[in-house]
Amino acid sequence: MSEGTMQRRAQRAKRLHRVLVGATAVPAMLIVAGCSSDSGSDDGKDKASAGSASAPASPSPTVRAAVYKDLPDACDVLSEKTLDDLVPKAKSGKESQSDDISTRAGCSWDSLANNGVDGSQFRWLSVSMLRFESDTTRGAGDELAKEYYDKQVEDVQAAEDAKDTKAEPVTGTGDEATAVRYDLKKKEGTFKQQTVVTRVENVVVILDYNGAGLAGDRTPSADDLMKDAQKAAKEAVTTVTGSKAGKDDGGSASPSKAAPSPAPSKD
C-alpha cells in the first residue's frame, strides 16, 4: 500500500471519531439540562406547599352561650296556692301546643265563681315562655330575647280595642319586666286585663291575667288584679331560674335548638 493511501485512511478515521464524539455529547447535555429543570420545579412546589402550611387559619365566629338550655313544665310554674288565689277552683291547666317544649311552652287556666242572683266572677290566667338559643348568625340568646321582650311590650300596649292603657316597669322580677293594664269592654261586661312581660337572660315569660264581673256582679279591682299578676309573674320567673339550678346540680339539659320567633298561642 502506498504512503498516500495510508495518509488518506488515517484522515478519514480522525473525521469519523470527531463525529461520534459530538453525537454522544448532545444527549449528555440534554440529560443534564433536563435534570436541572426538574430540580427547579420541585423546589418551587416545596416552597408553595410550605407557604400554604404556614398560613394562619381563619378564626371561627363565636357567640356567648345562652344561659338557659331548657324550660320548666308550663303548667307547673305556679304553685297550687297561687292558682287557687288567682283562678279559684280552676280545673287542670290547659297546655299550649308546641313543636318543641324546650323552646316554647304555655299553659292557661280559667274559673267562673257563681254568686247566684248577684252574678258571677270570671278569671283567666295564662303563662307563656319563649327561650332563645345563641346563634352565630342571629346573635346571643339574651340579645334575641331582649329584642322579643321589647316588641311584646309594644304589642301589648297596642292591643286592639284596649281602653285606658297604662304601662309601668316592675322591679325584682327577672332582668327586666313591664306591667301593662287596660280595659276591654264586651257585651258580657268590662274585662280588666293585666299583662306582665318579663325577661330573664335568654327566656321571655309573659303572664296574662284578666277578670270580669258577669251577669250583674261587680267589676273586679284592676289594682288587686295587677298585684296578683305581678306576684304570679315573679313566681314563674323563679321557677325558670330554679330549673337551671336543678340541671347544674347533675341533671341533663335538652339539646340546644334555635328558638322560633312567634309567641305561643293563647287558648
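Overview of the structure. Small disclaimer: the values here were computed from a predicted structure and weren't measured. (Residues numbered from 1 in each chain as written. Predicted model: local features only at pLDDT ≥ 70, side-chain atom pairs only at ≥ 80, totals over all residues. Heavy atoms only, no water.)

### Considerations on the state of the cysteines
So, point 1. Following the criterion strictly, the structure yields one disulfide and no others.
So, point 2. Disulfide partner of C75: C107, at an S-S distance of 2.1 Å. Across the disulfide from C75 to C107, rotation about the S-S bond amounts to roughly 95 degrees, and the bridge is consequently right-handed. Of this pair, C75 sits in the loop between α1 (3–54) and α2 (80–86) while C107 sits in strand β2 (residues 104–114), placing them 32 residues apart in sequence. As far as the burial class goes, C75 and C107 line up, both buried. (Disulfide = S-S within 2.5 Å. Helix = DSSP H or I, 4+ residues; strand = E, 2+ residues; numbered from the N terminus. Buried < 20%, exposed > 50% of the residue type's maximum accessible area, 1.4 Å probe, protein only.)

### Section: helix α3 (residues 141–157)
So, point 1. With 17 residues, α3 ought to run about 24 Å at 1.5 Å a step, and its terminal C-alpha atoms sit 25 Å apart, in line with that.
So, point 2. Looking at α3, one finds that the buried residues are G141, L144, A145, Y148, Y149, Q152, V153 and V156.
So, point 3. The secondary structure elements touched by the buried residues of α3 are β3 (120–131), β5 (176–186), β6 (189–200) and β7 (203–214). (Expected span 1.5 Å × (residues − 1). Contact = heavy atoms within 4.5 Å.)

### A short note on the packing of aromatic side chains
So, point 1. By the definition in use, this model includes two aromatic pairs.
So, point 2. Summarising the aromatic geometry, the rings of F122 and F191 are spaced 6.0 Å apart at their centres and angled 75 degrees between planes, so their arrangement reads as edge-to-face. Note that F122 is positioned in strand β3 and F191 in strand β6, a separation of 69 residues in sequence.
So, point 3. With centroids separated by 5.5 Å and ring planes inclined at 50 degrees, the aromatic side chains of F132 and Y148 adopt a geometry described as tilted. One end of the pair, F132, is in the loop between β3 and α3; the other, Y148, is in helix α3, and 16 residues separate them in sequence. The burial state of F132 is the same as that of Y148; both residues are buried. (Phe/Tyr/Trp six-rings, centres within 6.5 Å; stacked < 30°, edge-to-face > 60°.)

### Description of the sheet that holds β6
So, point 1. Pairing is antiparallel in the open sheet, where seven strands are placed in the order β1-β2-β3-β7-β6-β5-β4. Only two strands of the sheet have a single partner each, and these edge strands are β1 (94–95) and β4 (163–169).
So, point 2. In this sheet, β5 lies alongside β4 in antiparallel orientation, the contact comprising five bridges. Bridge pairing in β5 places A167 opposite V180.
So, point 3. Sheet strands touched by α3: β3, β4, β5, β6 and β7. Its angle to β6, the strand with the most contacts, is close to 165 degrees. (Pairing = 2+ DSSP bridges. Axes fitted to C-alpha atoms, helices over the stretch in contact; angles between N-to-C directions.)

### Thoughts on the nonpolar core
So, point 1. Among the nonpolar cores identified, the biggest contains 32 residues, and L78, W109, L125, V127, M129, V205 and L207 are the most heavily contacted of them.
So, point 2. By residue number, the principal contributor to this core is helix α4 (residues 222–248), which donates eight residues.
So, point 3. Discounting residues that sit within four places of it in the chain, L207 has contacts with L125, S126, V127, Q194, T195, V196, A229, A232 and A233.
So, point 4. Judged by nonpolar contacts, the second largest core, of 17 residues, contains V156, V180, A212 and L214. (Core = buried A, V, L, I, M, F, W, Y, C linked by side-chain atoms within 4.5 Å.)

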